[in-house]
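# Chains, contacts and geometry: an overview
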Amino acid sequence: MDRQAVMQEQDLAPPVALPMLSPAARRRQLKEKAIAALITAVAFTGIAALVLILVFVAKEALTLVTDAAAREEASFSKMFLPQMVRKGKPLGYVWQPVSGVPKVSMIPLFIGTLKTTAVSMLVAVPLGIFGALFAAEFAPRRLREILKPTIELLAGIPSVVLGFFALMVMASFLQETFGFTSRLNAVVAGLGLALAIVPVIFTVTEDALTAVPRSYREASLALGATPWETAWKVVLPAAAPGILAACVLGFGRAIGETMIVLMASGNAAIVSWNLGDSVRSLSATIAAEMGEVVVGSPHYALLFFIGVELFLFTFVLNMLAGVWTKKVIQRLKGGAG
């Protein structure tokens, strides 16, 4: 039988009847479709809300570019280049947006944010990572069951409570111990921030370490490595992407935290790299000044511009962390880094 005859017989064959769905199966199918549509709608609602927030913040900040009066008062050169503070004095960086001659330098705010964030990360990253390593690899089971929930509960403490603790307890103790000139400074604010981000870094890191396959540990121990060598040279590198994600989350929490820095930093926009001096961060500036600013003024647009800067900082950091994480995963899989 040739090919054409076979095709003709197939065309003449009666169609195969599909099985009919029962009413219960149809209802279940419709229910599943409705649930899927609801979940999709909720997901897109969250994305749309985020986009609208970004559009609103960017729209208010664009006044610095579109309005001539705002450009004259808060131009990019005045924000990032040294300006004349007083006649006969050298050029400097001053944040004083409410004055006869507004001074809107961002440099003191950048330095204050960098100092407090650096102090908090220098304290929180080692504590969070090594605490998670101890809990995941060395702690007895009963201690782990107590240790992990206790540290995770610290993440639920309101930031205003941590700020009050830093203001009333830590500030006096650190000044008496180290002899700081300013009672409220970058060290106090940074340590207060560390209390807020240690639970975040600990939790994510511990989950990443626990997710490392047990075969990695068994193979290392079988080759003669000690438990500490296994944890340090095998488990930690294998969990590096998750640990990096924990550090990025902690950094984002530190750079965006408001109440702790507002209460414990001293809120002085000073250009100084001394950690014992008072500081003023970007987020604390928004919180302290937004309630009294004139809506639509250059100062108002300037505060929204600070919000755009904070978003760009965290976005660029997350993007760089994602690229680095992909390279680490490729190396672990044996691919080209």
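This one's a predicted model, so the numbers in the text were calculated from it and none came from an experiment.

## As for the domain arrangement of the protein
What the domain assignment lists for the protein is domain 1 (25–65) and domain 2 (94–333). Its C-alpha centre places domain 1 at a distance of 29 Å from the equivalent point of domain 2. At the junction of the two partners, domain 1 supplies eight residues and domain 2 supplies nine residues. Regarding the contact of domain 1 and domain 2, the summed buried area is about 660 Å², with carbon and sulfur atoms giving 87% of it. The largest share of the area that domain 1 buries against domain 2 comes from Val 57, Glu 60 and Leu 64, three residues that together contribute 58% of it. Our enumeration of links across domain 1 and domain 2 arrives at zero salt bridges. For the pair domain 1 and domain 2, the interface holds zero residue pairs in polar contact (both at pLDDT 80 or more). At the level of elements, α2 (23–61) and α3 (63–66) are the ones that each hand at least two residues to the side of domain 1 that touches domain 2. Among the elements that make up the side of domain 1 that touches domain 2, the one with the highest residue count is α2 (six residues). Considering only residue class, the side of domain 1 that touches domain 2 consists of six nonpolar, one polar and one charged.

## Focus: the environment of Ser 120
Here Ser 120 is to be found in helix α6 (residues 107–138). The class of Ser 120 is buried, set by a relative accessible area of 0%. If we ignore the near neighbours within four places in the chain, the residues touching Ser 120 are Gly 190, Leu 193, Ala 194, Ile 197 and Ala 254. Looking at Ser 120, its side chain comes within polar contact range of the main-chain oxygen of Thr 117, at 2.7 Å.

## A word on the packing of aromatic side chains
Applying the stated criterion across every chain yields a total of eleven aromatic pairs. On the basis of an interplanar angle of 75 degrees and a centroid distance of 5.7 Å, the ring pair of Phe 76 and Phe 305 is categorised as edge-to-face. Linking Phe 76 in helix α5 (residues 76–80) with Phe 305 in helix α15 (residues 298–333), this pair joins segments that are 229 residues apart in sequence. What makes Phe 305 buried here is its relative accessible area of 14%. An aromatic cluster is built from Phe 76, Phe 80, Phe 110, Phe 305 and Phe 313, whose rings are joined through pairwise contacts.

## A word on the UniProt feature "domain: ABC transmembrane type-1" (unreviewed entry) in the protein
Under the local residue numbering, the UniProt record ascribes the feature "domain: ABC transmembrane type-1" (unreviewed entry) to residues 110–321. Across residues 110–321, the secondary structure splits into 77% helix and 0% strand, with the terminal C-alpha atoms separated by 21 Å.

## Re the layout of surface pockets
Estimated volume of the largest pocket: approximately 260 Å³. Around the largest pocket, the lining is made up of 15 residues, and of these Gln 83, Met 84, Val 101, Pro 102 and Lys 103 lie nearest the centre. Elements represented by at least two residues in the lining of the largest pocket include exactly α4 (68–73) and β2 (103–104). Residues that form the lining of the largest pocket fall into these classes: six nonpolar, three polar and six charged.

Criteria and cut-off values
Every chain begins its residue count from 1, and numbering advances along the sequence as written. Only residues with pLDDT of at least 70 get local features here, since the model is predicted, and only at 80 or more are side-chain atom pairs given and counted; chain-wide, interface and lining totals rely on the full set of residues. As a convention, hydrogens and water are excluded, and side-chain values are obtained from all of the structure's heavy atoms. Domains are outlined according to an automatic or database domain assignment. For this analysis, residues touch if any pair of their heavy atoms sits within 4.5 Å. Summed over both partners, buried area is the accessible surface (1.4 Å probe) that two parts give up on being assembled. When a carboxyl oxygen of Asp or Glu lies within 4 Å of a side-chain nitrogen of Lys or Arg, that pair is called a salt bridge. We call two N or O atoms a polar contact when they sit within 3.5 Å, provided that within protein one can donate a hydrogen and the other can accept it, with sequence-adjacent residues counted only if both atoms are side-chain atoms. Think of it this way: any DSSP run of H or I at least four residues long counts as a helix, any run of E at least two long counts as a strand, and we number them from the N terminus. Nonpolar residues are Ala, Val, Leu, Ile, Met, Phe, Trp, Tyr, Cys and Pro. Charged residues are Asp, Glu, Lys and Arg, and all others, Gly as well, are polar. Each residue's exposure class comes from its accessible area (1.4 Å probe, protein chains only) as a fraction of the maximum for that residue type: buried when under 20%, exposed when over 50%, partly exposed otherwise. Pairing of aromatic rings covers Phe, Tyr and Trp, the last through its six-membered ring, and needs centres within 6.5 Å; plane angles under 30 degrees mean stacked, over 60 mean edge-to-face, and all others mean tilted. UniProt positions are given in the numbering used here, feature names are shortened, and annotations may be inferred rather than shown by experiment. Both site types are read off a 1 Å grid over the protein atoms alone. A 1.4 Å probe that fits but cannot get out defines a cavity, while an open set with protein on both sides within 12 Å along at least five of seven lines defines a pocket; lining residues have an atom within 4 Å of a point. Grid points are joined across faces, edges and corners, and a volume is the space filled by probe spheres set on the points.

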